[in-house]
Amino acid sequence: MKKQRPVNLDLRTINQPVSAIASILHRISGVITFIAVGILLWLLGMSLSSQEGFLQASEIMTGFFAKFILWGILTALAYHLCGGIRHVLMDFGFLEENLATGSASAKVAIAIAVILSILAGVLLW
Ligand code: HEM
């Protein structure tokens, strides 16, 4: 066996196809959504604890940093939902499993998520 085989494990130098980027984003957005569940439940618990708790939760959510975090959560959720629906459509055979359809559906999922993210920003600010 050749000792010096062409091996390239440096992901930064590999030109990733859009479907690979969509897949990585789906995993990242899933992890962010998972962490977000904890943050949102904590906030919900505080807001339901008492009148003071509700005012405290409202006060927290008026800050720019808190709104930015919430915007990030909504963006991750929007992408995870779009990517998830793409996966479900592929799994049920509604989308062909070839390179052209995979690339096109990945672009559509990313584009819809970007639009939803902008809408979330408009809603928050
Ligand atoms: C609280 C809400 C959710 C959380 C925390 C969550 C989290 C995750 C995580 C961590 C993964 C694993 C990603 C990976 O290993 O690559 C995943 C996969 C997946 N999620 Fe979600 N998810 C949520 C909601 C949803 C929703 C609403 C959909 C509906 C469209 C969805 C569809 C999927 C699909 C289809 C996969 C599998 C993707 C694959 O096969 O690579 N998820 N989710």
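Residues numbered from 1 in each chain as written. Predicted model: local features only at pLDDT ≥ 70, side-chain atom pairs only at ≥ 80, totals over all residues. Heavy atoms only, no water.

This paragraph deals with the overall build of the protein chain. Check the secondary structure of the protein chain and you find four helices and zero strands. Ordered by position from N to C terminus, the α and β elements of the protein chain give α-α-α-α. What you see for the protein chain is a C-alpha radius of gyration of 20 Å, clearly larger than the 14 Å of a compact globule of 125 residues, by over 25%. Expressed along its principal axes, the backbone C-alpha trace of the protein chain runs to roughly 70 × 40 × 25 Å. (Helix = DSSP H or I, 4+ residues; strand = E, 2+ residues; numbered from the N terminus. Rg over C-alpha atoms; globule rule 2.2 N^0.38 Å.)

With 32 residues, helix α1 (residues 18-49) ought to run about 46 Å at 1.5 Å a step, and its terminal C-alpha atoms sit 45 Å apart, in line with that. Within the sequence span of α1, burial applies to A20, A22, H26, S29, T33, A36, L43, M46 and S47. Structurally, α1 contributes buried residues whose contacts are with α2 (51-60), α3 (64-91) and α4 (99-124). (Expected span 1.5 Å × (residues − 1). Buried < 20%, exposed > 50% of the residue type's maximum accessible area, 1.4 Å probe, protein only. Contact = heavy atoms within 4.5 Å.)

Looking now at the UniProt feature "transmembrane region" (unreviewed entry) in the protein chain. Here the UniProt-annotated "transmembrane region" (unreviewed entry) positions come out as residues 21-44, 64-83 and 104-124. Note that residues 21-44 is 100% helix and 0% strand, and that its end C-alpha atoms are spaced 33 Å apart. (UniProt positions renumbered as here; feature names shortened; annotations may be inferred.)

Before going further, it helps to spend a moment on the site of the ligand. Surveying the vicinity of the ligand reveals the residues H26, R27, G30, T33, F34, V37, H80, L81, G84, I85 and H87. R27 has a polar side-chain atom sitting 2.8 Å from an oxygen atom of the ligand. The separation between a nitrogen atom of the ligand and a polar side-chain atom of H80 is 2.8 Å. For the shell around the ligand, the secondary-structure elements that each account for two or more residues are α1 and α3. Broken down by element, the residue count for the shell around the ligand peaks at six residues, all from α1. For the shell around the ligand, the per-class residue count stands at four nonpolar, six polar and one charged. (Near = heavy atom within 4 Å. Polar contact = N/O pair within 3.5 Å; in protein donor to acceptor, adjacent residues only side chain to side chain. Nonpolar A, V, L, I, M, F, W, Y, C, P; charged D, E, K, R; others polar.)

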